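Here's the letter readout for the chains.
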Amino acid sequence: MRLEGPASRVSVQRDKGRAAGARKLATDAGLTLIELIITVAIIGILATAALPVARFQVKREKERELRRDLWEMRDAIDRYKDAADRGGIQIKADSNGYPPDLQTLVDGVEVANKKVRFLRAIPTDPMTKSTDWGQRSNQDDADSTGWGGQNVFDVYSKSEGTALDGSKYNTW
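A short tour of the structure in this document, coming up. (Residues numbered from 1 in each chain as written. Predicted model: local features only at pLDDT ≥ 70, side-chain atom pairs only at ≥ 80, totals over all residues. Heavy atoms only, no water.)

## Describing the nonpolar core
Where a protein is soluble and globular, its nonpolar side chains tend to be buried together. Within the largest apolar cluster, 22 residues are counted, with the highest numbers of intra-cluster contacts made by Leu-70, Met-73, Ile-89, Leu-102, Leu-105, Phe-118 and Val-155. At the level of elements, α1 (6–85) and α2 (102–107) are the ones that each hand at least two residues to this core. Top element by residues in this core is α1. It accounts for eight residues. With residues near it in sequence (within four places) discarded, Val-155 still touches Leu-70, Met-73, Arg-74, Ile-77, Leu-102, Gly-134, Gln-135 and Trp-172. (Core = buried A, V, L, I, M, F, W, Y, C linked by side-chain atoms within 4.5 Å. Buried < 20%, exposed > 50% of the residue type's maximum accessible area, 1.4 Å probe, protein only. Helix = DSSP H or I, 4+ residues; strand = E, 2+ residues; numbered from the N terminus. Contact = heavy atoms within 4.5 Å.)

## Points about a nonpolar patch on the surface
On the surface, Leu-33, Leu-36, Ile-37 and Val-40 cluster together into a nonpolar patch covering about 400 Å² of accessible area. Along the chain, Leu-36 turns up in helix α1. (Patch = residues over 30% accessible without salt bridge, like charges linked within 9 Å, V, L, I, M, F, W, Y side chains within 5 Å. Areas by Shrake-Rupley, 256 points an atom, 1.4 Å probe, with all protein chains shown as cover. Salt bridge = Lys/Arg side-chain N within 4 Å of Asp/Glu carboxyl O.)

## Side note on the side chain of Glu-63
Following the sequence through the fold, Glu-63 ends up in helix α1. We note that Glu-63 is buried and unpaired, the nearest opposite charge coming from Lys-59 at a distance of 4.9 Å. The contact partners of Glu-63, leaving out residues within four places of it in the chain, are Met-127, Ala-163, Leu-164, Tyr-169 and Trp-172. (Lys, Arg positive; Asp, Glu negative; His and termini not counted.)

## What about unusual backbone geometry?
Positive phi, normally seen in glycine, also occurs at Lys-129, with a value near 55°. With respect to the secondary-structure elements, Lys-129 resides in the loop between β2 (114–116) and β3 (134–136).

## Examining the side chain of Ser-159
In this structure, Ser-159 sits in the segment after β4 (154–156). A polar side-chain atom of Ser-159 sits 3.1 Å from the main-chain amide nitrogen of Gly-161. Excluding residues that lie within four positions of it along the chain, Ser-159 makes contacts with Met-127, Thr-128, Tyr-169 and Asn-170. (Polar contact = N/O pair within 3.5 Å; in protein donor to acceptor, adjacent residues only side chain to side chain.)

## As for the pattern of salt bridges
Tallying each qualifying case throughout the model produces eight salt bridges. The salt bridge partner of Arg-67 is Asp-165, with a shortest N-O separation of 4.0 Å. On the criterion of sequence distance, the pair formed by Arg-67 in helix α1 and Asp-165 in the segment after β4 is long-range, its members being 98 residues apart. Residue class for Arg-67 comes out partly exposed when judged on its relative accessible area of 44%. We note a salt bridge from Asp-85 to Lys-81, for which the minimum N-O separation is 3.0 Å. In this pair, Asp-85 and Lys-81 are both assigned in helix α1, four residues apart and thus about one turn of the helix distant. The exposure class assigned to Lys-81 is buried, which follows from its relative accessible area of 18%. Each member of the salt-bridge network shares a partner with another, and the members are Arg-74, Arg-136 and Asp-154.

## Remarks on the packing of aromatic side chains
With the rule as written, the count across this model stands at three aromatic pairs. Here the aromatic rings of Tyr-80 and Phe-118 are separated by 5.5 Å at their centres, their planes lie at 70°, and the arrangement is edge-to-face. Remark: Phe-118 occurs in the loop between β2 and β3 and Tyr-80 occurs in helix α1; sequence separation between them is 38 residues. Side by side, Tyr-80 and Phe-118 carry an identical accessibility label, which is buried. Seen from the ring of Tyr-98, Lys-81 lies directly overhead, with NZ or CZ sitting 5.0 Å from the centre. (Phe/Tyr/Trp six-rings, centres within 6.5 Å; stacked < 30°, edge-to-face > 60°. Lys NZ or Arg CZ within 6 Å of the ring centre and 35° of its normal.)

Rendered as structure tokens:
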């Protein structure tokens, strides 16, 4: 039994609408897949470019920490020397007023019947992850890597690494 008339026209139009809708969904789905692939590719490229930047940021932060630690220890040595030059600290004749070792700066010394500490703790070298710093006495050469043991005139990192500016950490 076949219907003719307005009812059959509605049925045919529905079928055409469904077919057009199916074609439209297939086209949209393909376009979305391409967009997804392009988006993933762009994110991958950006992530690959960001990785070296993150590495440099970590290294730059370690270098900043190394400079701060060296400054802190050198400042403590200078304050010890100033106190010794004013006669507040008993010193050995050959020490020239410099501390005998870094631990003395942490342990402190008697200045006018008062214990004075120049460092809270020996900082950890961020490059070597150790509290073992290179030391120079004022009797050593300026570029010496050995410590004479008489006093602590200067400190440096024992790291053999190279900084972002091309200099060696152990020359800072």
